Amino acid sequence: MAHVSHDADPVERVVELHLPSRLGYEKVAMDAAASIARRMGFSADRIDALRTALAEAVTNAIEHGNAHDDGMRVLVILTVRPSELVVSVADQGMKSIDQSHLAPAPRIEDSFARADKGGWGIWLIRELMDEVEFTTAPTGGNQVRMVIHLEKQP
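Because the structure is a prediction, the values reported are computed rather than measured.

### What to know about the packing of helix α1 (residues 26-40) against helix α2 (residues 44-65)
Then comes step 1: Direction vectors running N to C along α1 and α2 enclose 150 degrees, while the axes themselves pass 9 Å from each other. Taken as axis vectors, α1 and α2 run roughly antiparallel relative to one another. When the axes of α1 and α2 are compared, the crossing they make is right-handed. Counting all contacts with α1, which are made through E26, A29, M30, D31, A33, A34, A37 and R38, the residues of α2 involved are I47, L50, R51, L54, A55, V58, T59 and I62.
Then comes step 2: Here the residues of the contact of α1 with α2 are counted per class, giving eleven nonpolar, one polar and four charged.

See the structure below:
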């Protein structure tokens, strides 16, 4: 019988979180991602960027995608690869992301004119992560896929 070593790290590891659509649970995703990123060797600045981007994505899923519906969940999938961390956030909402919110950068002048000062989260996610893609989730809701690359220390 062949001996299988369980000490070797697999090429890819996956952690799934199923979060209630209630503000505050974004912190669970932030803490889990930060813990994984620390184990991978990310710098403190990159971990902070990851935490912020993930908080924005989960908050958007709770507020906009799932409309604070307690019966819906936000699925966060953290995929560890040798040189990157892939983070997927999917809601169960039936309302698609407004394509105008995916524009490259909001204008601060427009924000002053609106009662709702939001609209900066997607821009912030794009600024903080190395790769960002917005799609329709397999379940029919919205999904954002974010990738942060592990920078090798000199």
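### Focus: the pattern of salt bridges
Then comes step 1: Considering all chains together, one arrives at eight salt bridges under this definition.
Then comes step 2: Close ionic contact of E12 with R81 constitutes a salt bridge, the shortest N to O distance being 2.8 Å. In this pair, E12 is assigned in the segment before β1 (13-20) and R81 in strand β2 (residues 73-81), connecting sequence segments 69 residues apart.
Then comes step 3: The exposure class assigned to E12 is partly exposed, which follows from its relative accessible area of 42%.
Then comes step 4: Classification of R81 by relative accessible area gives partly exposed; the value is 27%.
Then comes step 5: For the salt bridge of E131 with R145, the shortest nitrogen-to-oxygen distance reads 3.9 Å. Highlighted residues: E131 in strand β4 (residues 131-136) and R145 in strand β5 (residues 142-149), separated in sequence by 14 residues.
Then comes step 6: The network of salt bridges with shared partners includes E12, R81 and E84.

The rules behind the values
Residues numbered from 1 in each chain as written. Predicted model: local features only at pLDDT ≥ 70, side-chain atom pairs only at ≥ 80, totals over all residues. Heavy atoms only, no water. Axes fitted to C-alpha atoms, helices over the stretch in contact; angles between N-to-C directions. Helix = DSSP H or I, 4+ residues; strand = E, 2+ residues; numbered from the N terminus. Parallel < 35°, antiparallel > 145°, perpendicular 65-115°, else oblique. Left-handed = near helix turned anticlockwise from the far one by under 90°. Contact = heavy atoms within 4.5 Å. Nonpolar A, V, L, I, M, F, W, Y, C, P; charged D, E, K, R; others polar. Salt bridge = Lys/Arg side-chain N within 4 Å of Asp/Glu carboxyl O. Buried < 20%, exposed > 50% of the residue type's maximum accessible area, 1.4 Å probe, protein only.

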